[in-house]
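Listed below, chain by chain, are the residues.
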Amino acid sequence: MIDIHSHFLPAIDDGSDSVRTSLSMLRESRRQNVDLIAATPHFYADEDDPESFLARRNEAYARLQAAMASVQDSFPRILLGAEIMYFPGMSVADELYELRLGSAPLLLIEPPMIPWTDSMLDEIELTGQNLHCIPMIAHVDRYMYMLRDNSLIERLGQRRLLTQVNASFFIRPMSRAIALELLRDDRIHFIGSDCHNMGERAPNMGTAAEIIAENGEADKLETLDRRIRFFLEKTGSI
């Protein structure tokens, strides 16, 4: 199983606070049958530039790799990327290409928590066109809930934008029905834990997978996983 969105790299954003926590998160992810996990630390253009961000990300990854090599445990494979906060003008920021998911032409983009305007979606779509990447919109379910707008996935479907939802979308009883419906209709492209720690935002892909299977949609989840894995293999990311 693939976890496409997580924050387990140590001390780089509001996710894992230490190498020790990072190892615990990776162990728990592997226990839940996650064999590939994307590290997507937050990137804020008003606070950082891609070059310094990548240096910090790679240093955190190197520390984690050293710790992983020193213990006899099974961990998921790691794919490096970023969660890019939307900003006006991002479509002409060519350096964002370096923040794609591994070698795959995928950019994980986090819109602001405000009503989505056509101009904002135009900017995200243009970013993909200019950088020859496909934008993947982070945790769309969160915006559906917070903005009380279930039409957001439909708006993404009208553009060349992919939908990522969090595992909690399937876990929460209040959102489970719509999550399963969207999965059945092939309107969800990626699922991620968006895990940040071992507390309230711990790895939870296994729990979501169990719920999906209990509701008769295990085949859908497997098909989704195969598609993602094939795409990542084809682009040399794994």
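Above this note sits the structure.
Note that the structure is a prediction, hence the values are computed from the model and not measured.

1. Describing the overall build of the protein
In step 1: When helices and strands are tallied, the protein shows nine helices and nine strands.
In step 2: For the protein, whose C-alpha radius of gyration is 17 Å, the value lies close to the compact-globule estimate of 18 Å for 238 residues.
In step 3: Seen through its principal axes, the protein has C-alpha atoms that stretch 50 × 45 × 35 Å.
In step 4: Per-residue burial for the protein yields a buried fraction of 54% across its 238 residues.
In step 5: Put simply, of all contacts in the protein between residues at least 6 apart along the chain, 76% involve residues at least 24 apart.
In step 6: For the protein, the exposed area adds up to about 10,900 Å²; of that, 49% sits on carbon and sulfur atoms.
In step 7: Distance from the positive charge centre (24 side chains) to the negative charge centre (37 side chains) of the protein: 5 Å.

2. Some points on the side chain of Glu 217
In step 1: With respect to the secondary-structure elements, Glu 217 resides in the loop between helix 8 (205-214) and helix 9 (218-234).
In step 2: Given the relative accessible area of 12%, Glu 217 is considered buried.

3. Description of the sheet that holds strand 4 (residues 77-80)
In step 1: With parallel pairing, the three strands of this open sheet are ordered in space as 1-2-4. This sheet does not close on itself; its edge strands, each paired only once, are strand 1 (2-6) and strand 4. Recorded for the sheet is a direction-independent mean angle of 25 degrees between the axes of neighbouring strands.
In step 2: Looking at chain direction, strand 1 and strand 2 (residues 36-39) are connected through three bridges and run parallel. By the bridge assignment, Asp 3 is partnered in strand 2 with Ile 37.

4. Focus: the packing of helix 1 (residues 19-31) against helix 2 (residues 50-69)
Angle between the axes and distance between the axes are the two parameters that describe a pair of packed helices.
In step 1: Contact pair helix 1 / helix 2: the axes reach a minimum separation of 10 Å and the direction vectors enclose 65 degrees. Our pair here, helix 1 against helix 2, has a crossing hand that is right-handed. Here Val 19, Ser 22, Leu 23 and Leu 26 of helix 1 lie close against helix 2, whose contacting residues are Arg 63, Leu 64, Ala 67 and Met 68.

5. Describing the sheet that holds strand 7 (residues 134-137)
Whenever strands of a sheet pair, they do so through backbone hydrogen bonds, lying parallel or antiparallel.
In step 1: Sheet architecture is open: six strands sit in the order 3-5-6-7-8-9, paired in parallel fashion. Looking along the sheet, the strands with just one partner apiece sit at the ends: strand 3 (42-43) and strand 9 (190-192).
In step 2: For strand 8 (residues 162-166) and strand 9, the ladder comprises three bridges, and the chain directions are parallel. Following the sheet pairing, Val 165 is matched in strand 9 by Ile 191.

What counts, and at which threshold
- Residues numbered from 1 in each chain as written.
- Predicted model: local features only at pLDDT ≥ 70, side-chain atom pairs only at ≥ 80, totals over all residues.
- Heavy atoms only, no water.
- Helix = DSSP H or I, 4+ residues; strand = E, 2+ residues; numbered from the N terminus.
- Rg over C-alpha atoms; globule rule 2.2 N^0.38 Å.
- Buried < 20%, exposed > 50% of the residue type's maximum accessible area, 1.4 Å probe, protein only.
- Contact = heavy atoms within 4.5 Å.
- Areas by Shrake-Rupley, 256 points an atom, 1.4 Å probe, with all protein chains shown as cover.
- Lys, Arg positive; Asp, Glu negative; His and termini not counted.
- Charge placed at Lys NZ, Arg CZ, Asp CG, Glu CD.
- Pairing = 2+ DSSP bridges.
- Axes fitted to C-alpha atoms, helices over the stretch in contact; angles between N-to-C directions.
- Left-handed = near helix turned anticlockwise from the far one by under 90°.

Treat this as a map of the structure, not an account of what it does.
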